[in-house]
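Read off the chains here:
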Amino acid sequence: MARTDTIDTTIDTRKMAPVATPTVDEAAVTDLRKRPEPSSEVIEQPVTEQPVTEQPVIEQSVTDATPTAPPGEDVDADQVGTEQTEQTEPSDLDGFGTDEVPTETVDPTSVAPTSRVVAPGALAALADPTVSDEGGSGFADTAAHDTVIAHDTADHRTAADTVVADTGGAPVDDHPDRRPAGIRRRRRRRIGMIVAAVVVLLLVVGVGLVGAKKAGLLDSRKDYTNAQGTGDVLVHIPDDTTIKQMGQILVDDDVVGSVHAFVDAAGDASLSSGYYKMRTEIPASTAVEMISDPDATHRVGRIVVPPGTPVDTKRDTSGRVTPGIFEMIANQTGVDINGQRIGVTVEQLDDAAAQASVADLGIPSWARDAVTGLDGDHRRIEGLIAPGTWESIDPGQSATEILRSLITQSAAMYEKWGLLSNNSSGLSPYQTLVAASLLQGEVNPADYPKVARVILNRLDKGQKLEFDSTANYTAQVVDLNVHDEDLRAGTPWNTYVIRGLPPTPIGAVEEQALEAMEQPADGNWLYFVTVDAKGTTLFTADFDQHRRNISTACRNRFITCR
C-alpha cells in the first residue's frame, strides 16, 4: 500500500548550488508500475519530523511524493527518485484547483510528530526536486518553511501548495476569498447589499410620505382673510364630489388658501354640486357660506322645470308671468365675470331650436321625423326637455350645446320610464309623449289614467279631442276660461279645430303622466270635466250627462258659464 505525503517546500533558486542529475533505476521504475492500485482505505502513518536547516528562501513550490513501503519492506532511495521523475508528468490531480480548499499555515518548528491522512491514489506531482551530489533524495531547506495543507473534501482531492515569499517566514495569504476573484465577489456582494439597503430605505420613506399625505399631515393650512376677495371666478363642482375634493377644486381656482382650511370650515354643512360664481382669495368660511346659501344666490346654470312647462314664457289673466324653459336657461347661464358677460340668450336658444340639425340637437331617433317636419319652428323641440332640477348647465357652452345636453339626458329619462319598453297605449313612442303632455294641463295626477283612456277612445272614434290646454298653448294669455277666439284659432295645436293629436307635446312631460299614458285605465269614457277647486273630475260616455256635469262646475263657480 503506497502513501502519499504532500509537503510544500520553498527553495531560493538564486542562491542554490548546481544540482546533480539523479540516477534512475529502471528496474525500480518497472517494479513501481507493477504495484497494485491503492485501495480506498485511508492509512495513517507516523510522520518523522525533519531537522530544520537554515537555507535561503526560494519562491518555488515543490511537491514531495514519498511512497510508503508495504509492511516489512524498505523504501529504496532510487525508487524515490524514480517516482519523483515519473510524477513530473501531469497527474490526474492537476485539474483540481485550490479555490475550494481551505488552507491552514503551520509553523514547522511547532509541529509535533503526528499522523497524516492522505487520500488514496493521490500521488502529487514532483517539481524540480533538489538532489544531493551523492545522488540521495534529500531535500534542502524544507522543514523551516514548509506549509502543511489539510484537505478533507469528499472526493479526497489534494490541496494546492501555499507559496511562501521571502517575508521573514510569514506565509503569503492565498485564501480563495482574498484572491482577486474573491475580492471582486466580495465587492459585488457589498455593492448589492448597499443597493438593497438604499431601495428598502427609499420604500420606507415613500410609504411614510404617502401615509402622511393621506393622513393630512403634510397639508397646508393656509387661509385668506379678506372676505371681499380680489376677483370673480366661475367654479364647477361635479356630481358626487367629496368635501375634500371640493376643497381641492377651490384651491385650484384660487378661491381658498388650502384644502385643510376648507374642510375645517365646511364641518357638517350641506354643499351641492354645480356651477358657482365665487370670489378669489376669500376665507374658507366665506366660501362655505356662498356655496351653502339656501337662496342659491351664487349658483349659476341651475334651473327647476315644473311639469307641463313649455319652452316659451306665458302670462295669465292676472298678469303673472311664468318663465318658459328658454328664459330659465338664459337667466341662469347669463352671468358677469369680472365685467364680461357669459351665457346664452332666449333669442340664441330660439334660433338653435329652429335651425340646428336634429343630429346637433341630439334628437332621439324615435322623434326625428316629427321634429324634422317642423324645421324652422323653435317649438319643434317642445316636450323633449324633461321636467325636474337641472343642476349643472354649463354657462360656457353655446345654445346648441346646451339644448343637446338637455335633450339627450331627457330622452334617456323617458326611455327609462318605459316609453320604448313598457308602452301598451298602441301609439308610437313620440305620439305617446304628445298624448301624455295633454294630461298634465287637464286634471290632477290621480285621474291621469282615466284621461289617457278618454284620449285613446276619442282617437279610435275619430272624434276631436277638444282639450282647452291645446287652445291655451298658442294663446297670448293663458286663461282657464278659454275665449272664443282662442277656441277658434287655426293653429296645428288647437284640438278644437284639428282631429287627432297636436304635432308636438305642449309642455315638459313628467314621469307619472307618461306612465299613465303607457298604461291607461280601462273604460268607455269620452267626456270629463273638473267641477271644483279640489280637482274633482267627472267622467262619462254620454254627452247629455257631460252637459249636466258642466252645469255642476258652473254652479260651483269653478268655471264661467254663459
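Reading the values: rules and limits
- Residues numbered from 1 in each chain as written.
- Predicted model: local features only at pLDDT ≥ 70, side-chain atom pairs only at ≥ 80, totals over all residues.
- Heavy atoms only, no water.
- Buried < 20%, exposed > 50% of the residue type's maximum accessible area, 1.4 Å probe, protein only.
- Helix = DSSP H or I, 4+ residues; strand = E, 2+ residues; numbered from the N terminus.
- Arc of directions from axis to C-beta.
- Contact = heavy atoms within 4.5 Å.
- Polar contact = N/O pair within 3.5 Å; in protein donor to acceptor, adjacent residues only side chain to side chain.
- Pairing = 2+ DSSP bridges.
- Axes fitted to C-alpha atoms, helices over the stretch in contact; angles between N-to-C directions.
- Parallel < 35°, antiparallel > 145°, perpendicular 65-115°, else oblique.
- Left-handed = near helix turned anticlockwise from the far one by under 90°.
- Core = buried A, V, L, I, M, F, W, Y, C linked by side-chain atoms within 4.5 Å.
- Expected span 1.5 Å × (residues − 1).
- Patch = residues over 30% accessible without salt bridge, like charges linked within 9 Å, V, L, I, M, F, W, Y side chains within 5 Å.
- Areas by Shrake-Rupley, 256 points an atom, 1.4 Å probe, with all protein chains shown as cover.
- Salt bridge = Lys/Arg side-chain N within 4 Å of Asp/Glu carboxyl O.
- Phe/Tyr/Trp six-rings, centres within 6.5 Å; stacked < 30°, edge-to-face > 60°.
- Lys NZ or Arg CZ within 6 Å of the ring centre and 35° of its normal.

Caption draft 1: How the structure looks around helix H5 (residues 259-266). Residues Val259, Ala261, Phe262 and Ala266 constitute the buried set of H5. In a view along the axis of H5, the buried residues occupy a sector of 160°, so they form one face of it. Looking at the packing, one finds that the buried side of H5 touches helix H4 (243-252) and helix H6 (284-292). Within two residues after H5, Gly267 carries a phi angle of roughly 55°, on the positive side.

Caption draft 2: Seen up close, the side chain of Asp377. Topologically, Asp377 is positioned in the loop between helix H10 (368-372) and strand E13 (388-390). A polar contact of 2.9 Å, which involves the side chain of Asp377, links it to the backbone nitrogen of Arg379.

Caption draft 3: Region of interest: the pairing of strand E16 (residues 537-540). In this structure, strand E15 (residues 527-530) lies alongside E16, joined through four bridges in antiparallel fashion. Each residue of the ladder has a partner; that of Thr530, found in E16, is Thr537. If you look at the hairpin formed by E15 and E16, you'll find six residues sitting between the two strands, and Gly535 has a positive phi there, around 95°.

Caption draft 4: View of the sheet that holds strand E7 (residues 299-300). Overall, antiparallel pairing links the three strands, which are arranged E5-E6-E7 in an open sheet. Each edge of the open sheet is held by one strand with a lone partner, namely strand E5 (232-237) and E7. Alignment of E5 against strand E6 (residues 274-279), held across six bridges, turns out to be antiparallel. The partner of Ile237 across the bridge, within E6, is Gly274.

Caption draft 5: Representation of unusual backbone geometry in the model. With a phi angle near 60°, Asp240 is a residue other than glycine that sits in the positive phi range. For Asp240, the position within the fold is in the loop between E5 and H4. Among the residues examined, Asp240 registers a relative accessible area of 78% and is labelled exposed. For Ala296, which is not glycine, the phi torsion reads 50° and is therefore positive.

Caption draft 6: Local environment of the packing of H5 against H6. One way to put it is that H5 packs onto H6 with a least axis distance of 8 Å and a crossing angle of 55°. Looking at the two axes, H5 sits oblique to H6. Once H5 is placed against H6, the crossing between them reads as right-handed. Of H6, the residues touching H5 (which contributes Ala261, Phe262, Ala265 and Ala266) are Ala284, Ser285, Ala287, Val288 and Ile291.

Caption draft 7: View of the environment of Asp293. Mapping Asp293 onto the fold places it in the loop between H6 and E7. Within the structure, Asp293 has its side chain in polar contact with the backbone nitrogen of Asp295 (distance 3.1 Å).

Caption draft 8: Highlighting the nonpolar core. Formed by 63 residues in total, the largest nonpolar core has its most connected members in Leu384 and Leu403. Counting residues per element, the ones that place at least two in this core are strand E8 (303-305), helix H7 (325-333), helix H8 (346-355), helix H9 (358-361), helix H11 (399-416), helix H12 (429-440), helix H13 (448-461) and helix H16 (511-518). Not counting residues within four places of it along the chain, the set of residues in contact with Leu384 comprises Ile363, Trp366, Ala367, Val371, Leu406, Ile407, Ser410, Tyr414, Tyr430 and Leu433. Core analysis: the next-biggest nonpolar cluster, separate from the first, contains 19 residues, Val256, Phe262, Ile282 and Met290 among them.

Caption draft 9: Summary view of the environment of Glu415. The residue Glu415 is located in helix H11 in this model. Through-space distance from the C-alpha of Glu415 to that of Pro429 is 9.3 Å; in sequence the pair is 14 residues apart. Those residues in contact with Glu415 that sit more than four places away from it in its chain are Trp366, Leu420 and Ser421.

Caption draft 10: Summary view of H11. Its 18 residues give H11 an end-to-end C-alpha distance of 26 Å, which sits within 8% of 26 Å, the value for a rise of 1.5 Å per residue. Among the residues making up H11, those that are buried are Ala399, Ile402, Leu403, Leu406, Ile407, Ser410, Ala411 and Tyr414. Projected down its long axis, H11 shows its buried positions confined to an angular sector of 155°, all on one face. Positioned one or two residues after H11, Gly418 has a phi angle of 95°, which is positive.

Caption draft 11: Representation of the environment of Pro429. Structurally, Pro429 can be placed in helix H12. With a relative accessible area of 24%, Pro429 lands in the partly exposed category. Excluding residues that lie within four positions of it along the chain, Pro429 makes contacts with Trp366, Leu419, Leu420 and Asn423.

Caption draft 12: Region of the structure containing the sheet that holds strand E10 (residues 321-322). The strand order across the open sheet formed by three strands is E10-E9-E14, and the pairing between neighbours is mixed. Each edge of the open sheet is held by one strand with a lone partner, namely E10 and strand E14 (477-478).

Caption draft 13: Spotlight on a nonpolar patch on the surface. A cluster of nonpolar residues, Ile191, Val195, Val199 and Leu203, forms a patch on the protein surface that exposes about 360 Å² of accessible area. Considering the arrangement of structural elements, one finds Val199 in helix H3 (residues 180-214). Among the residues examined, Val199 registers a relative accessible area of 42% and is labelled partly exposed.

Caption draft 14: Here's a closer look at the packing of aromatic side chains. In total, this model carries six aromatic pairs according to the counting rule given. The structure contains a cluster of three or more aromatic residues connected by ring pairs, namely Phe467, Trp525, Phe528 and Phe539. The side chain of Lys314 reaches across the aromatic face of Tyr473, ending 5.3 Å from its centre.

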